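Each chain is listed here by its residues.
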Amino acid sequence: MHILRLFLVLCLFAAHPLTSLAVQPSSRPNIVFILGDDIGYGDFGCYGATKIKTPHIDRLAQQGVRFTDAHSPSAMCTPTRYAFMTGRYAWRQPAGASVMSGVAPLCIAPGSATVASILKQAGYVTGIVGKWHLGLGERETDYNRPIKPGPLEVGYDYAFILPATGDRVPCVYVENHDVVGYDPADPIKLDYTARRGEPESFVLGIPRIGGMKGGTAALWSDADMADTFANKAVEFIERHQAAPFFLYLATHDAHVPRVPHARFRGSSQAGVRGDVIQEFDATVGRVLDALDRLKLNENALVIVTSDNGGVLDSNGPDTVHAGTKETNNGHLQNGVLRGIKGNLFEGGHRVPFIARWPRQIKAATVSDQLICHVDMLATFAALTNQPLADDAGPDSFNVLPALVGTTEKPVRDHLINHTAGCPGRLAVRQGSWKYGPSSYPGGQQRTNKDGKKAAQIPAQLYNLADDIGETKNLVAHFPDKVKELEALLAKIRATPRSRP
Ligand code: CA
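Residues numbered from 1 in each chain as written. Predicted model: local features only at pLDDT ≥ 70, side-chain atom pairs only at ≥ 80, totals over all residues. Heavy atoms only, no water.

Enquirer: Hey, could you run me through the confidence of the model for the chain in this one?
Expert: Do not read the fine detail of predicted coordinates wherever pLDDT is low. Averaged over every residue, the pLDDT of the chain is 92; the share at 70 or more is 91%. Every residue in residues 6–26 is under pLDDT 50, and counting partners more than four places away or in other chains gives 11 contacts. (pLDDT = per-residue confidence, 0-100. Contact = heavy atoms within 4.5 Å.)

Enquirer: Could you clarify how one ought to interpret the coordination of the calcium ion in this entry?
Expert: Each pair of donors in an ideal octahedron of six around a metal sits at 90 or 180 degrees, and each pair in an ideal tetrahedron of four sits at 109.5 degrees. Donor atoms from the polypeptide that coordinate the calcium ion comprise Asp37 (OD), Asp38 (OD), Cys77 (SG), Asp307 (OD), Asp307 (OD) and Asn308 (OD1), at 2.2 to 2.7 Å from the metal. Given six donor atoms and angles of 51 to 153° at the metal, the environment of the calcium ion is assigned as irregular. Donor residues for the calcium ion sit on one chain with the sequence pattern D-D-x38-C-x229-D-N. Given the relative accessible area of 0%, aspartate 37 is considered buried. A residue is classified by how much of its surface remains accessible, and aspartate 38, at 0% relative accessible area, is buried. (Donors = N, O, S within 2.8 Å, 3.2 Å for Na, K, Ca; no water. Tetrahedral: all angles 85-135°; square planar, octahedral: opposite > 155°, others 65-115°. Buried < 20%, exposed > 50% of the residue type's maximum accessible area, 1.4 Å probe, protein only.)

Enquirer: Just checking my understanding: could you explain the packing of helix α6 (residues 225–239) against helix α7 (residues 271–293) for this structure?
Expert: How two helices pack is summed up by the angle between their axes together with the distance between the axes. In the contact formed by α6 and α7, the axes pass within 10 Å of each other and the chain directions differ by 15°. On the basis of the axis angle, α6 is roughly parallel to α7. Between α6 and α7 lies a crossing of right-handed hand. Two secondary-structure elements touch here, α6 through Ala226, Ala230, Asn231, Ala233, Val234, Ile237 and Glu238 and α7 through Glu279, Thr283, Arg286, Val287, Ala290, Leu291 and Arg293. A class-by-class count of the residues in the contact of α6 with α7 yields eight nonpolar, two polar and four charged. (Axes fitted to C-alpha atoms, helices over the stretch in contact; angles between N-to-C directions. Helix = DSSP H or I, 4+ residues; strand = E, 2+ residues; numbered from the N terminus. Parallel < 35°, antiparallel > 145°, perpendicular 65-115°, else oblique. Left-handed = near helix turned anticlockwise from the far one by under 90°. Nonpolar A, V, L, I, M, F, W, Y, C, P; charged D, E, K, R; others polar.)

Enquirer: Even after reading the chapter, I still don't get the packing of aromatic side chains, so can you show me in this structure?
Expert: Think of a pair of aromatic rings as described by two things: how far the centres are apart, and how the planes are tilted against each other in angle. Counted according to the given criterion, the structure contains 19 aromatic pairs. Ring geometry for phenylalanine 160 and tyrosine 173: centres 5.1 Å apart, planes at 35°, overall tilted. Remark: tyrosine 173 occurs in the loop between β4 (158–162) and β5 (174–175) and phenylalanine 160 occurs in strand β4; sequence separation between them is 13 residues. With respect to burial, phenylalanine 160 and tyrosine 173 carry one shared label: buried. In this arrangement the basic side chain of arginine 239 is found over the ring face of tyrosine 158, its NZ or CZ atom lying 4.9 Å from the centre. Over the ring of phenylalanine 397 we find arginine 412; its NZ or CZ atom is 4.0 Å from the centre of that ring. (Phe/Tyr/Trp six-rings, centres within 6.5 Å; stacked < 30°, edge-to-face > 60°. Lys NZ or Arg CZ within 6 Å of the ring centre and 35° of its normal.)

Enquirer: How should the pattern of salt bridges be read in this particular structure?
Expert: Opposite charge on two side chains permits them to pair, given that their charged atoms come into close proximity. One pass over the full model with this rule turns up 24 salt bridges. Between glutamate 346 and lysine 434 there is a salt bridge, with the nearest N and O atoms lying 2.8 Å from each other. Here the residue glutamate 346 occupies a position in helix α9 (residues 346–349), and lysine 434 occupies one in strand β18 (residues 433–436), the gap between them amounting to 88 residues. The pair glutamate 346 / lysine 434 is uniform in exposure class, with both members buried. A salt bridge links glutamate 470 to lysine 434, with the shortest nitrogen-to-oxygen separation between them at 2.8 Å. Of the two residues, glutamate 470 is situated in the loop between β19 (460–463) and α12 (479–494) and lysine 434 in strand β18; the sequence distance between them amounts to 36 residues. (Salt bridge = Lys/Arg side-chain N within 4 Å of Asp/Glu carboxyl O.)

Enquirer: Which parts of the structure should I look at to understand helix α4 (residues 77–86)?
Expert: Each turn of an α-helix holds 3.6 residues, which means side chains three or four residues apart point in the same direction. Counting buried residues in α4 gives 10 out of 10 residues, a clear majority hidden from the surface. Buried residues belonging to α4 abut β1 (30–36), α5 (115–121), β3 (125–131), β11 (245–250), α10 (376–383) and β16 (414–418). Directly beyond the C-terminal end of α4, a positive phi value near 70° is found at glycine 87.

Enquirer: When you look at the domain arrangement of the chain in this model, what are you seeing that I'm missing?
Expert: Looking at the chain, the domain boundaries give domain 1 (28–407) and domain 2 (425–494). Computed from C-alpha coordinates alone, the two centres of domain 1 and domain 2 are separated by 28 Å. Every contact between the two is made by 16 residues of domain 1 and, on the other side, 18 residues of domain 2. Both sides of the domain 1 and domain 2 interface together cover about 1400 Å² of buried area, and 56% of this is carbon and sulfur. Looking at the side of domain 1 facing domain 2, the largest losses of area belong to Trp91, Leu344 and Phe345, adding up to 40% of the total buried there. If you look at where domain 1 meets domain 2, you find two salt bridges. (Domains from an automatic or database assignment. Buried area = accessible area lost by both parts, 1.4 Å probe.)

Enquirer: Help me out: how do you make sense of the side chain of arginine 208 in this one?
Expert: Tracing the sequence through the fold places arginine 208 in the loop between β9 (206–207) and β10 (211–213). On the accessibility criterion, arginine 208 (0% relative accessible area) is buried. Engagement of the side chain of arginine 208 in a polar contact is seen with the backbone oxygen of glycine 166, the distance being 2.8 Å. Sequence-distant contacts of arginine 208, defined by excluding residues within four places in its chain, comprise Gly166, Asp167, Arg168, Val169, Cys171, Arg195, Arg196, Ser201, Val203, Trp220, Asp222 and Pro257. (Polar contact = N/O pair within 3.5 Å; in protein donor to acceptor, adjacent residues only side chain to side chain.)

Enquirer: So what exactly am I meant to see when it comes to unusual backbone geometry here?
Expert: Peptide bonds are trans in most cases, and residues, glycine excluded, mostly fall at negative phi. Cis rather than trans, the peptide bond between valine 256 and proline 257 has omega equal to -5°. Its location among the elements puts proline 257 in the loop between β11 and α7. Located in the positive-phi region is asparagine 176, a residue other than glycine, with phi close to 55°. Residue alanine 364 is not a glycine yet carries a positive backbone phi of 55°. Along the chain, the position of alanine 364 falls in the loop between β13 (350–356) and β14 (365–367). A relative accessible area of 45% means that alanine 364 is categorised as partly exposed.

Enquirer: How should I be thinking about the environment of cysteine 107 in this particular structure?
Expert: With respect to the helices and strands, the residue cysteine 107 is situated in the loop between α4 and α5. By relative accessible area, which is 8% here, cysteine 107 ends up buried. The spacing of cysteine 107 and alanine 97 is 10 residues in sequence and 9.0 Å in space, taken between C-alpha atoms. Residue contacts for cysteine 107: discarding those within four places in its chain leaves Tyr82, Ala95, Gly96, Met100 and Leu134.

Quick look at the structure:
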């Protein structure tokens, strides 16, 4: 009898050596990385907003650390997400460097190191819920067949995604490899020659980029999107509460088209854009409540940030789901910063970044450390005691000491800012200095507000320590500093790896 029991126990260990022996879930924090879309430096209460109320995010900041000098790796969606996922600057190669269509192939090579694969290797269950925008499939995406490679081939165990953006076709969700609600009798046909505003670009009454026919039963509901993602995120947390898990929750709020659920419509004092940011705050609240309810918050690292700076934005001919200076009602989406999404100015890429981890991070702290989303790969590797392979996360610095506040020393002494493209337009940041060789203000604005061509300038140098609004171009005053930063930028471009 005893021998039989011993035999059965040995069989169990042999069948599940990792789950039985190696992984100790209690020692590793659960990680939830919440990425807002087009939410700016001034959009949350804890960053100075008064016309938009964000009580859940403000509570997170009260219980954790709030960064004042955190950056998205790019000033646009896709390159930021690429760099976050891979720990590699997106401007180094064409794939993932520019904003992708809804039928672009996957821009990350299956098998390469990603934030998800690194954590999966450490025994985490990994999931993505929300906006993907990194391409799907090996060539032009066919939504009528199993869709791969995609998130599951680059490190995720579970995926419930919006394939590209809310203002692009297809207007369907993909769960793992399949369109949710797909009906083979009503195939999905996409037409990316249709321009936003043309009759065939209207899906669910809203003009999109590209046209879509078929897939009627699979169409999402714009007004329910935030709730759909929040529900899926909470389900993922509930399902994996016993394991260490990593959840990447990438919301659609506050990108256009801005279609808040009815309970948020008119809830803010900053128009529909303010309403969807309050909806984003409620999504964060749902996640925090789930962690509380499941008694997981003590050892959970929760990060809330945004993929690029804020922008009022139009949605083609659609003014209902956009934002204007008038509807903003005096609210400044990027606070004191100059510029908007897409710019090299700070307003393009300096973003809110809050981290809470009650077991390790001191409550109600503020950090002026320079950090970037591209650093998450090395940081998560450090968090799980994993050395990085030489070619993994080549631009990713371990910023864990900044998160947990154990150092005053800069965790990275320089950073490259980027707008879309390969290499697109770049600026280099070192200490409080910022230099960009771009010949247009902000890197991308070729016209002034009056529509006239902007005056070209040789280059831009700012000292952010006393000019965070980038009003004084010092390029003519500090030629040695210009040379030094030019050389640093050239060196990083010429070297495939910038991390130590
Ligand atoms: Ca974005």
